[in-house]
Structure formats: C-alpha cells, structure tokens
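# Observations on the model geometry
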Amino acid sequence: MLGFSAEVIRRQQFLIRCLGGYNSNKTRRSSKNICSTTIKMQSLMSGGSPSLEVDAISILRKITPSLDPSRHKGQAGKIAVIGGCREYTGAPYFSAISALKIGADLSHVFCTKDAATVIKSYSPEIIVHPILEESYNIRDEDKRSISGKVIAEVNKWMERFDCLVIGPGLGRDSFLLECVSDIMKLARKSNVPMVVDGDGLFLVTNNLDLVKGYPLAVLTPNVNEYKRLVQKVLQCDVNDEDGTQQLLSLAKGIGVTILRKGGSDFISNGETVHAVSSFGSPRRCGGQGDILSGSVAVFISWARQFEAAKGETGLSPTISGCIAGSVLLRKASSLAFQTKRRSTLTTDIIEHLGQRFF
C-alpha cells in the first residue's frame, strides 16, 4: 500500500512540475496532502485489509488472443453499441471505434436515424444501423408496430454479437428507452453479455429487473451514477468508510458485476473486490467513459474465449474484462497526456489504445 502511495505521489509531483505549477514549498505541502488522501482512501476502500490492487497488465495480456493468421474475421470479437440519438453522436462512436482499435474485428452501432449519418461520417469502419426512433418522430398509434420492427431487426443480429454496450449517447426519450429495454431482455434471453453505461444506467436504475440476477451484466457507474444505485438498491447514502463492503453488497444485491469509476477503479461481482489504481491522466475530458465501455466489452468477449479454450483464469470473465479495460484506458490516457497535456482529447487517447500493452 505504501509503495502504491509513493508511486502516485511521484507521478503527481512530475505532473505539477510539467505544468509549471506550484513552487517547491507548495509542492511539498501538496505531496503531504496527496499522501494523506491516498492512504486514507485506500484504507477506507480496503477496510483495513491488504491492498485490493491486482496485476492488471498481466490479466490484460493473459486474456488477449494472439494475432494468429489462421483465425478468420469475427473470431477476435463482434461488439454492438446500442446508443446514439439526435443530440449525442460522439459517445457511441467513441465506444465502437475503441473496440476496433483494441482489436475487435467488427463493431456495430444501433442508433436513431438522426444520428446514423453523422456517426457514419466519423468512420467507415463502423457498421451503423439506423433503426431506433424517438417519440417526437412518431405517432402514438404507430409506437407498437415500430417497436416490433426494431426488436425484429436487432434479433436478426443478436446471435452474432459477443457483447453489447448499452447506453452511450442514448438520451432519455421515453419511447427510445422502452425499445432499448426490450433489446436488453432479448440479449439476456440470448445469453449475450452487456456493459451498461451512461443513459443505460439511468434506465437500469429505474428498472433493475432488466439486469437483476444476470451475471453477464456489467455496470460502469461514475460517482453520481453510483450514488443513485446505492440509494435505489441499498436504501442509504454512499459510505466510503465501509466502501468495500458497500460495493460488495450492491453488486450482490443486483446480481451483476460493478465497475465503480473514480481515482481508483473498484470492481466487484458481489464475491470479491479488486482495484485498479495505476495513474492515468489529470485531464478529465468527456468521452473517456465511452472508451472504457467499449474496451470492457472487448475484453469480456476475449476472457470468455480464453475460459472456453484454456480454462479458468481464477477470475470471472466479467471481472477480468473490467480489470483489463480499466488499466488499458489509464495507460492510454497517460501516454496521450505526455504529448498533449491540457489539450488532450478523447480522440487522442483512442489513438494510444493498443500501444505497449499486448
């Protein structure tokens, strides 16, 4: 734990100097505060137990398939993103293109018609399905038939997918959310893993039965999304003084794997808790959560392949996928920040996915 804290302090000091920040006296005071805060947070989340940190890079490399020339298209992963509406087109793109950059063979986006052309213009690599609809665009009497058409179209593709990402850029239109709820039910019936992020978490928080008791579901909440889940499921507020136990209780109560995003990412399936704390970047540009959701989806599919071919890794595929996706984003963010500094954008981070890790 102390080694972990010292490493964080060194990185923080380096970044402060690079940014031309504080003088030496302030830096020393800042370092003491960083040390105190780091040790305190690690202690709170671990409940006084040994460090929860895992060897994330080893797990990432273990479950990543080799680039075998005998493999055919699709064997390295087929991912589908359910999201994208008139206002939000970047999020589903970030998630889908990240999956491809990591090494998935095919990446689909199921979005509204208004978003489809925009998303297609970002990259020809992504397969875009403009089948979703929002309430403003349809009459009430047509909703049932349109919903049926949406599900029928998704059903034609469902068996081909290794994992779904639910929520990036989804928005909160009531009819759109109803259709996505039906897609999630279909995925669950088809035993397809789901990574739920963004507005997908808003949907799930208000309808827990969509994922309750489904071990192939992963939720990736940020601070505010986690707070809402805790209040909904555990009927209390977030308590970092007993953070590990609360995360365990939440994951067990829903019956899913949860990746709690933050300064350190904490991952639990209700049985164990693991932490990924390698330093990423102080730049918090929007879209990094979308990279994470696409990354986790790919690694879950690879972890399941690894388990089927070579046996268990000692961790469930959802846990392994979360750990690998978390550390990959942090390493890519760090590399991007080294050259871009305050100008770092999500697209810069995406360009560093896959470097030095595989």
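Criteria and thresholds
By convention here, each chain's residues receive numbers from 1 onward along its written sequence. The predicted nature of this model means local features are confined to residues of pLDDT at least 70 and side-chain atom pairs, given and counted, to a pLDDT of 80 or more, with totals for whole chains, interfaces and linings taken over all residues. Based on all heavy atoms of the structure, the side-chain values leave hydrogens and waters out of the count. Strands here are runs of E lasting at least two residues and helices are runs of H or I lasting at least four, both read from the DSSP assignment and numbered beginning at the N terminus. Exposure classes here rest on a 1.4 Å probe applied to the protein chains alone. A residue is buried below 20% of its type maximum, exposed above 50%, and partly exposed in between. The contact criterion used is simple: two residues touch if any of their non-hydrogen atoms lie within 4.5 Å. Only the protein chains shown count as cover for residues, and the accessible areas themselves come from Shrake-Rupley with a 1.4 Å probe. To define axes, lines are fitted to C-alpha atoms, for helices over the stretch in contact only, and angles between the resulting N-to-C directions are given on a 0 to 180 degree scale. By the definition adopted for this analysis, an angle is roughly parallel if under 35 degrees, roughly antiparallel if over 145, roughly perpendicular if from 65 to 115, and oblique otherwise. Take the far helix as the reference: if the near one is turned anticlockwise from it by less than a right angle, the crossing is left-handed, and if turned clockwise, right-handed. Polar here means any residue outside two lists: the nonpolar Ala, Val, Leu, Ile, Met, Phe, Trp, Tyr, Cys and Pro, and the charged Asp, Glu, Lys and Arg; Gly therefore counts as polar. Paired strands, in this sense, are two strands between which DSSP finds at least two bridges. Crossover handedness is defined by viewing with both strands directed away from the observer: a clockwise path from the first strand over the helix to the second marks the crossover as right-handed. Salt bridge, as used here: a side-chain nitrogen of Lys or Arg that lies within 4 Å of a carboxyl oxygen of Asp or Glu. Throughout, the protein atoms alone are placed on a 1 Å grid, and a set of points is a cavity if a 1.4 Å probe fits but cannot get out or a pocket if it is open with protein on both sides within 12 Å along at least five of seven lines; lining residues have an atom within 4 Å of a point. Grid points are joined across faces, edges and corners, and a volume is the space filled by probe spheres set on the points.

Looking at an unreviewed UniProt entry, one finds the chain named YjeF C-terminal domain-containing protein and attributed to Penstemon davidsonii.

### Here we look at the overall build of the chain
Helix and strand counts for the chain stand at 13 helices and nine strands. By residue count, 54% of the 358 residues in the chain fall in the buried class. If you take every contact in the chain between residues at least 6 apart in sequence, the share linking residues at least 24 apart comes to 69%. Surface summary for the chain: the accessible area is close to 16,200 Å², and the carbon and sulfur share equals 49%.

### Focus: the packing of helix H3 (residues 56-63) against helix H12 (residues 317-340)
It is the contact of H3 with H12, at a shortest axis distance of 8 Å, that shows an interaxial angle of 115°. Relative to H12, the element H3 lies roughly perpendicular. As for the relative orientation of H3 and H12, their crossing is left-handed in sense. Packed against H3, whose contacting residues are Ala56, Ile57, Ile59, Leu60 and Ile63, the element H12 presents Ser320, Ile323, Ala324, Val327, Leu328 and Lys331 at the interface. In terms of residue class, the contact of H3 with H12 is made up of nine nonpolar, one polar and one charged.

### Here's the deal with the environment of Ile82
Here Ile82 shows up in strand S1 (residues 78-82). Taking the C-alpha atoms as reference points, Ile82 and Leu164, 82 residues apart in sequence, are found 7.2 Å from one another. When sequence neighbours within four positions are dropped, the list of residues in contact with Ile82 reads Phe110, Leu132, Val165, Ile166, Gly167, Pro168, Leu170, Val180 and Ile183.

### Considerations on the pairing of strand S4 (residues 163-166)
Residues Cys163 and Val165 of S4 are buried on one face, and the alternating residues Leu164 and Ile166, pointing to the opposite face, are buried as well. Here S4 runs beside strand S5 (residues 194-196); their pairing, made up of three bridges, is parallel. From the neighbouring strand, Leu164 faces S5, where its bridge partner is Met194. On the question of chirality, the crossover connecting S4 to the parallel S5 by way of helix H7 (residues 174-189) is right-handed.

### Remarks on the pattern of salt bridges
A full pass over the atoms with the stated rule returns twelve salt bridges. Here Asp199 ties to Arg172 by a salt bridge, and the two come within 3.1 Å at their closest N and O atoms. Residue Asp199 is found in helix H8 (residues 199-205), and its partner Arg172 is found in the loop between S4 and H7; the two are separated by 27 residues along the sequence. Look at Asp199 and you get buried, because its relative accessible area is 15%. We classify Arg172 as partly exposed; its relative accessible area is 48%. Here the salt bridges share partners, and the residues they tie into one network are Arg139, Glu141 and Asp142.

### Some points on the packing of helix H9 (residues 223-233) against helix H10 (residues 243-254)
Two measures define how a pair of helices packs: the angle their axes make with one another and the distance between the axes. Running from N to C, H9 and H10 point in directions that differ by 65°, and their axes come no closer than 10 Å. As the angle between them shows, H9 and H10 are arranged roughly perpendicular. Two packed elements cross with a definite hand, and for H9 against H10 that hand is left-handed. For the pair H9 and H10, contact is made by Tyr226, Leu229, Val230 and Val233 and by Gln246, Leu247, Leu250 and Ile254, respectively. Tallied by class, the residues present in the contact of H9 with H10 amount to seven nonpolar, one polar and no charged.

### Points about the environment of Gly200
Among the structural elements, Gly200 can be located in helix H8. A C-alpha to C-alpha distance of 8.9 Å links Gly200 and Val165, two positions 35 residues apart in sequence. Filtering out sequence-adjacent residues up to four positions away, Gly200 remains in contact with Ile166, Gly167 and Leu170.

### Quick notes on empty space enclosed by the protein
Taken as a whole, this structure holds one cavity of 30 Å³ or more when the rule is applied. Considering only enclosed or pocket space, the largest cavity measures out at about 40 Å³ in volume. If you go around the largest cavity, the residues you meet are Thr112, Lys113, Asp114, Leu132, Glu133, Glu134, Tyr136 and Asn137.

### Some words on the pairing of strand S3 (residues 127-132)
Taken together, the five bridges between strand S2 (residues 106-112) and S3 define a ladder with parallel strand orientation. Within the sheet, the bridge partner assigned to Thr112 lies in S3 and is Leu132. A crossover connection joins S2 to the parallel S3 through helix H5 (residues 113-122); in handedness this β-α-β unit is right-handed.

### Remarks on unusual backbone geometry
We note that Asn191 has phi near 65°; this positive angle belongs to a residue other than glycine. Its place among the elements puts Asn191 in the loop between H7 and S5. Overall, Asn191 belongs to the partly exposed group, its relative accessible area being 43%. In this structure, Gln235 takes a positive phi of about 60° despite not being glycine. Positionally, Gln235 belongs in the loop between H9 and H10. When its relative accessible area of 63% is taken as the criterion, Gln235 is described as exposed.

### Describing the layout of surface pockets
Here the second largest pocket is characterised by a volume of approximately 290 Å³. Along the wall of the second largest pocket there are 14 residues; nearest its centre are Pro65, Ser66, Leu67, Ala76 and Gly103.

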